[in-house]
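Breakdown of the fold
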Amino acid sequence: MTVRKGTLLTPAVEEGTPLNVPRVALVGANGHGRWHRRVIGPLHDAGRVRLVALVDTRPIEPEPAAPVPPDTRVFTDHRAMLGEVAPDVVVICTPPHTHLSIARDAVTAGADVLLEKPPVLSTAEHEELAGALATTGRVAQVGFQALGSAALTALTDAVAAGRVGAVRGIATVAAWQRPDAYYSRAPWAGRRLLDGRPVLDGALANPLAHAVMQCLAVAEAVAGGPVEPATIEVERYRVRPIEVDDTAVLRVRPCQGPPIVAAVTLAGEDFVAGEVLVAGDAGQAVLEYPTDRLLLPGEAAASEVPGRCGLLENLLAHRADPRVPLIVPLARTAPFTAVLTALRSAPEPTLLGDELLDAVGAGPQRVLRISGVNEVLRRAVRQGALPSELGVPWAVAPWRIDLTKPE
Ligand SMILES: NC(=O)c1ccc[n+]([C@@H]2O[C@H](COP(=O)([O-])OP(=O)(O)OC[C@H]3O[C@@H](n4cnc5c(N)ncnc54)[C@H](O)[C@@H]3O)[C@@H](O)[C@H]2O)c1
């Protein structure tokens, strides 16, 4: 069924739009938003969604793999877009400190949202958004796309089937490199605060948030329910005069279940895409979450477990039939946000001295690397220990918080 000109309907329905095709808007269309445009493009071309609006405060950058459809409207203000276009689904891919207000506006306007990670920056914000969802009856899916991977399910199934035995520890290690240009690309990059508002763009909170969330998802499967952090210990380091960590080792001890250690850097010597390690008394399983390669105890080599359920497609399926569960409903991210909330109180990361670093490349593409950092991170996840506990010469005492004690 299509709508004819002159029919009295909300602005959500335009001439020629089949009534059952969800109308999607993307807020934050450059940066990682271009990836969302590449996801939405084929769905639009296949008639499964209609991309009705792009919103960005900056001019829309061309994305050759997903040209902007001729009817798609372009806005610089999400409220104007919500008022004029009334989309069914809003994909939000703006800087983290803008997420809550845009998501609140979108659900209040009647849309469901696909909200990029980190969804919000504190448990208070999480509760506020959860309240807005409850009041409006809308849903939010959070952009932790690696949770839609068949490899993660294969890992948690194997753990549940006893392949690693009783789980003693869950850990993640990742070593990336980010050039100076990464931090100059946006005013919020590398900032703890921007205009007095928390941004928290640290390695744990943002680029390697997936690594932390994958561990929490495994811990959720092991414990049979949401993870409630009891204590959090962290050592945070930086190689440049940014306000947040580019290198960190985090240990979370949940109220129930095994400890979780995340050892990550954006100043790595060798590239480690991101491994999730589940150690049990019958062996260790390793999932390379960005590539979906899984190694289970007794296997000679890792193999790819193909298949990812896209989060937008899953949200569309859930809208069409609520019996289809969301893969990453906002509620599932509460433990991640609890960790983030605790880290807000941690002191400024330690600036490592030049003698520990080497530089590769020049100009905006210069990359700083910490000598020996890969080995430190590997030892941290192997032993479930923080660098200071391993006697690493440049390590500082960890910051600790006990969340079971009243403030
Ligand atoms: N899921 C992933 O793997 C993944 C990967 C990269 C980034 N992200 C997330 O995506 C989000 C955006 O990150 P980015 O690196 O693309 O940031 P960015 O700063 O490079 O790009 C954000 C875009 O949003 C626009 N913008 C800012 N404020 C806006 C507003 N109020 N209304 C409309 N547009 C606005 C900016 O002009 C910019 O084009 C962050 O939450 C980030 O963590 C997720």
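Model, not experiment: these values are computed from the prediction. (Residues numbered from 1 in each chain as written. Predicted model: local features only at pLDDT ≥ 70, side-chain atom pairs only at ≥ 80, totals over all residues.)

Notes on the overall build of the chain
In plain terms, the rule: Each helix is a run of H or I in the DSSP string that is no shorter than four residues. Each strand is a run of E no shorter than two, and both are numbered from the N terminus. Taken over C-alpha atoms, the radius of gyration is set against a globule rule of 2.2 Å times the number of residues to the power 0.38. It is the C-beta atoms, placed from the backbone, that decide contacts: two residues are in contact if theirs lie within 7 Å.
Along its length, the chain carries 10 helices and 20 strands. Against the globule reference of 22 Å for 407 residues, the chain gives a C-alpha radius of gyration of 22 Å, in line with a compact fold. For the chain, the spread of C-alpha atoms along the three principal axes comes to 75 × 50 × 45 Å. Long-range contacts, defined here as pairs at least 24 residues apart, represent 69% of the contacts in the chain between residues at least 6 apart.

Some points on the sheet that holds strand β4 (residues 89-92)
Definition in use: A strand pair is defined by DSSP finding two or more bridges across the two strands. Orientation is described by axes fitted as lines to C-alpha atoms, over the contacting stretch for helices, and by angles from 0 to 180 degrees between their N-to-C directions.
The parallel open sheet is built from six strands, whose spatial order is β3-β2-β1-β4-β5-β6. Unpaired on one side and paired on the other, β3 (73-75) and β6 (140-142) mark the two borders of the sheet. With direction set aside, neighbouring strand axes in the sheet form an average angle of 20°. Across four bridges, the pairing between strand β1 (residues 23-27) and β4 is parallel. In the sheet register, alanine 25 faces β4, and the bridge partner there is valine 90. Its contacts with the sheet put helix α1 (residues 33-45) on β1, β2 (50-55) and β4, and the angle it makes with β1 is roughly 165°.

Examining the domain arrangement of the chain
Where interface size is quoted, it is often the accessible area lost as the parts come together. Spelled out, the test is: Start and end points for every domain follow an automatic or database-based domain assignment. Each residue gets one label: Ala, Val, Leu, Ile, Met, Phe, Trp, Tyr, Cys and Pro are nonpolar, Asp, Glu, Lys and Arg are charged, and the others, such as Gly, are polar.
Assigned domains within the chain: domain 1 (23-144) and domain 2 (146-385 + 396-402). Computed over C-alpha atoms, the centres of domain 1 and domain 2 are 25 Å apart. Listed by partner, the interface residues are 27 residues for domain 1 and 34 residues for domain 2. The greatest single-element share of the side of domain 1 that touches domain 2, amounting to five residues, is contributed by helix α4 (residues 123-136). Looking at side-chain class alone, the side of domain 1 that touches domain 2 contains 19 nonpolar, six polar and two charged residues.

A short note on the UniProt feature "domain: Gfo/Idh/MocA-like oxidoreductase N-terminal" (unreviewed entry) in the chain
Counted only if it meets this: UniProt positions are given in the numbering used here, feature names are shortened, and annotations may be inferred rather than shown by experiment.
Within the UniProt annotation, "domain: Gfo/Idh/MocA-like oxidoreductase N-terminal" (unreviewed entry) is assigned to residues 23-144. Spanning residues 23-144, this segment combines 37% helix with 20% strand, and its end C-alpha atoms are found 22 Å apart.

What about the nonpolar core?
If you look at soluble globular proteins, the nonpolar side chains tend to sit buried side by side. In plain terms, the rule: The nonpolar core is taken to be a set of buried Ala, Val, Leu, Ile, Met, Phe, Trp, Tyr and Cys residues joined by way of C-beta atoms within 7 Å. With C-beta atoms placed from the backbone, a residue is labelled by how many other C-beta atoms lie within 10 Å of its own: buried for 20 or more, exposed for 12 or fewer, partly exposed between the two.
Membership of the largest hydrophobic core comes to 117 residues, with the highest contact counts inside it found for Leu204, Val212, Cys215, Val218 and Val278. The leading source of residues in this core is helix α7 (residues 209-223), at 11 residues. For this core, the two domains that each supply at least three residues are domain 1 (23-144) and domain 2 (146-385 + 396-402). Beyond its immediate chain neighbours, meaning those up to four positions away, leucine 204 contacts Ala209, Val212, Asp245, Ala248, Leu250, Ala262, Val264 and Leu343.

Quick word on the site of the ligand
What counts here: Nearness is defined per residue: the C-beta atom, placed using the backbone, must lie within 6 Å of the molecule or strand.
If you check the shell around the ligand, you find 23 residues, and the closest are Gly28, Asn30, Gly31, His32 and Ala186. When grouped by side-chain class, the residues that make up the shell around the ligand number six nonpolar, 12 polar and five charged. Here the shell around the ligand spans two domains, and each of domain 1 (23-144) and domain 2 (146-385 + 396-402) adds at least three residues to it.

Describing helix α2 (residues 78-85)
The line we're drawing: Here, the arc refers to the directions that run from the helix axis to the C-beta atoms.
All of the buried residues along α2 are His78, Met81, Leu82 and Val85. Projection of α2 onto a plane perpendicular to its axis shows the buried side chains occupying an angular sector of 100°, all on one side. Just downstream of α2 lies alanine 86, where phi reads positive at about 45°.

Structural notes on the environment of leucine 351
In this fold, leucine 351 is placed in strand β17 (residues 350-351). Separated by 115 residues in the primary sequence, leucine 351 and arginine 236 place their C-alpha atoms 9.0 Å from one another. When sequence neighbours within four positions are dropped, the list of residues in contact with leucine 351 reads Arg238 and Pro241.

Some points on the pairing of strand β12 (residues 260-265)
Here β12 lies mainly inside the structure; six of its six residues are buried. With burial as the criterion, each face of β12 is covered, one bearing Ile260, Ala262 and Val264 and the other bearing Val261, Ala263 and Thr265. Where strand β7 (residues 167-177) meets β12, six bridges bridge the pair, whose relative direction is parallel. Bridge pairing in β12 places alanine 174 opposite valine 264. As defined by bridge partners, strand β11 (residues 247-254) adjoins β12 across six bridges and the pair is classed as antiparallel.

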